[in-house]
Amino acid sequence: MTDLADSPAVRRLDDWDVERLESLAAEYETPLYVMGLDRVKENYTRFSEAFPDADVMYAAKAHTGKAVLEAVLEAGGTIECAAWGELQRSIDAGADPNNLQYTAVNPPAHDLDYAAELGADNPGLTITIGALDTLERLKERDYDGRIAIRINPGIGTGHHEKVATGADAKFGIPYERVPEVADRVREEFDLVGIHAHAGSGVLTDDLEDHCRAIERVGEMARRVGDDELEFVDVGGGYGVPYREDEQPLDLEKTSDMVRDAVGDLEAQLKLEPGRYIVADAGLILTTVNTIKEAPDTTVVGVDASLSTLIRPAMFGSYHPMLNVSAPDREPIEATVGGPVCTSADVFAHDRPIAEPEREDVLAIGNAGSYGYELANQFHSQPRPAEIALEDGEARVARRRETLEDVTRLEE
Ligand SMILES: *Cc1c(COP(=O)(O)O)cnc(C)c1O
């Protein structure tokens, strides 16, 4: 078991060993993802210890890299997947398919083919449906196994409207229709759970809203008969502080409030954190290539871009930054951006940062979740390498792409 004695509730950029980071940048070049697998295990263990009798699944889509999945499995975790590729990658990393859960959202035919076949050989697989169509389509594939119903609680929470899924009609069975869908499932399948995933980026101050959605999940579980369910899954969405002045999620309070909200249940409580497990385990190293004095700011050009980390461009996300080459230099207000031709390719506007010089290495923090996973090849940029740190050792978890990797599939 991972020792939590020295595990803080959050790891800030200042907590990393800057000399180590500089030498990683020198050895493996930039932009570079660095992923601390010990921290992944600590985060999983800390979270599951806060919910001692619950089942904590890691939501793979936050980071589906093999090294990360292996770390979660090593910490005793199980895995929630949202696509067939995530299922296969979890199995490749050593997961028992009988412990996997597949959350189907408008699932493409191939995903259902794959899941139905996996379920035929592995009766422990659970498929979560958010539409009756999915049930019909599973039946067409002779699937009659374990089903959980994703409900739409009608309330969403989260740090950005694009990830507040709880009230979005796209996700889950409309609340009032759930009992009738439950009856329908019970006719031909094994109804094992009720599920909802209401949002993302929930910090301590958001818990009340978050728990209002969870209350509805508990209520519905009792309405459809919690004594006949195996689990009630309240999803993920647990946040990490991205800003330096934000406080980490109070896990003890979270656990108390979630339990209170979901109420008395015969069924087991289940949670599916993604971001919480991996966000602060990862960062990006990037090298400064340009310093330009502009009328209102200093523009700092770096070799990472929105194709390396798309969250600031896509969600307006704040990521902490640190000049690891010279953390003690006097700060200036800098606008830090990459080589992509859109004004969205900016990691920070007017951000105080120890005055960067050309060739300095900067770190972009909290990049472990939805970071590499959303990396792309826009501007014909090969995707970066990823270094895994574990037990004091560094190794290449994923090599840097070459231009050949970018063009390989062209006929
Ligand atoms: C994305 C997702 C999660 C994890 O969300 P986080 O905000 O990363 O915790 C959990 N469950 C489902 C069904 C998801 O789609």
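All values derive from a computational prediction rather than experimental measurement. (Residues numbered from 1 in each chain as written. Predicted model: local features only at pLDDT ≥ 70, side-chain atom pairs only at ≥ 80, totals over all residues. Heavy atoms only, no water.)

A. Fine view of the overall build of the chain. On a plain count of helices and strands, the chain comes out with twelve helices and 20 strands. Its C-alpha atoms give the chain a radius of gyration of 22 Å, near enough to 22 Å, the size a compact globule of 411 residues would have. Put simply, the chain has 411 residues, and 57% of those count as buried. The contacts of the chain with a sequence gap of at least 6 include a subset with a gap of at least 24, amounting to 74%. Only carbon and sulfur atoms are counted for the fraction: they give 44% of the accessible area of the chain, which is about 17,700 Å². (Helix = DSSP H or I, 4+ residues; strand = E, 2+ residues; numbered from the N terminus. Rg over C-alpha atoms; globule rule 2.2 N^0.38 Å. Buried < 20%, exposed > 50% of the residue type's maximum accessible area, 1.4 Å probe, protein only. Contact = heavy atoms within 4.5 Å. Areas by Shrake-Rupley, 256 points an atom, 1.4 Å probe, with all protein chains shown as cover.)

B. Main features of the packing of aromatic side chains. Taken as a whole and judged by the stated rule, the model has six aromatic pairs. One aromatic cluster is present, built from ring pairs that chain together F47, F51, Y238 and Y276. Lying over the aromatic face of F231, K270 brings its terminal NZ or CZ to 3.8 Å of the ring centre. Here R351 stacks its cationic end above the ring of Y318, 3.8 Å away from the centre of that ring. (Phe/Tyr/Trp six-rings, centres within 6.5 Å; stacked < 30°, edge-to-face > 60°. Lys NZ or Arg CZ within 6 Å of the ring centre and 35° of its normal.)

C. Quick look at the domain arrangement of the chain. Each assigned domain of the chain is listed here: domain 1 (96-273) and domain 2 (280-407). Relative placement of domain 1 and domain 2: their C-alpha centres are 34 Å apart. (Domains from an automatic or database assignment.)

D. How the structure looks around the UniProt feature "binding site: substrate" (unreviewed entry) in the chain. The UniProt record annotates "binding site: substrate" (unreviewed entry) at R275, R311 and Y370. Spanning 96 residues, the annotated positions come together in the fold, the maximum distance between their C-alpha atoms being 12.8 Å. A relative accessible area of 5% places R275 in the buried class. In this fold, Y370 is placed in the loop between β18 (361-364) and β19 (385-390). Each residue touching Y370, except ones within four places of it in the same chain, is listed here: K61, A62, R275, L309 and R311. (UniProt positions renumbered as here; feature names shortened; annotations may be inferred.)

E. Up close: the site of the ligand. Close to the ligand lie 16 residues; K61, S200, E272, R275 and Y370 are nearest. Residue S200 places a side-chain N or O atom 2.5 Å away from an oxygen atom belonging to the ligand. E272 places a polar side-chain atom, nitrogen or oxygen, 2.6 Å from a nitrogen atom of the ligand. Protein burial of the ligand: of its 390 Å² of free accessible surface, 94% is covered by the chains. A per-class count over the shell around the ligand returns four nonpolar, seven polar and five charged. (Near = heavy atom within 4 Å. Polar contact = N/O pair within 3.5 Å; in protein donor to acceptor, adjacent residues only side chain to side chain. Nonpolar A, V, L, I, M, F, W, Y, C, P; charged D, E, K, R; others polar.)

F. Main features of helix α4 (residues 84-92). Looking at α4, one finds that the buried residues are E86, L87 and S90. Along the long axis of α4, the arc covered by the buried residues comes to 105°, so they all point the same way. Two residues or fewer after α4 comes G94, characterised by a positive phi angle close to 115°. (Arc of directions from axis to C-beta.)

G. The arrangement of helix α1 (residues 18-28) in detail. All buried positions along α1 are accounted for by L21, L24, A25 and Y28. Buried residues along α1 cover an arc of 100° about the axis, so they all sit on one side. Facing away from the buried side of α1, by more than 90 degrees, are the exposed residues E19, A26 and E27. In this structure, the buried residues of α1 make contact with β1 (32-36), β13 (282-293), β18, β19 and β20 (393-398). Capping the start of α1 is the job of one residue whose side-chain oxygen sits 3.1 Å from the backbone nitrogen of E19: D17. Trailing α1 by a residue or two, E29 shows a phi angle of about 70°, which is positive.

H. A look at the pattern of salt bridges. Considering all chains together, one arrives at 24 salt bridges under this definition. Ionic pairing is found between E180 and R177, a salt bridge with its closest N-O pair at 2.8 Å. Classification of E180 as partly exposed rests on a relative accessible area of 45%. With a closest N to O distance of 3.6 Å, E357 and R329 form a salt bridge. With E357 in the loop between β17 (346-354) and β18 and R329 in the loop between β15 (321-323) and β16 (331-337), this residue pair connects regions lying 28 residues apart in the sequence. Overlapping salt bridges, with partners in common, bring together E136, K139, R184, E187 and E188 in one network. (Salt bridge = Lys/Arg side-chain N within 4 Å of Asp/Glu carboxyl O.)

I. Just the packing of helix α2 (residues 37-50) against helix α3 (residues 66-74), in detail. Contact geometry for α2 and α3: axes closest at 9 Å, N-to-C directions at 40°. Taken as axis vectors, α2 and α3 run oblique relative to one another. Here α2 and α3 pass one another in a crossing that is right-handed. In this structure, α2 contributes L37, V40, K41 and Y44 to the contact, and α3 contributes A67, V68, A71, V72 and E74. Here the contact of α2 with α3 is composed, by residue class, of seven nonpolar, no polar and two charged. (Axes fitted to C-alpha atoms, helices over the stretch in contact; angles between N-to-C directions. Parallel < 35°, antiparallel > 145°, perpendicular 65-115°, else oblique. Left-handed = near helix turned anticlockwise from the far one by under 90°.)

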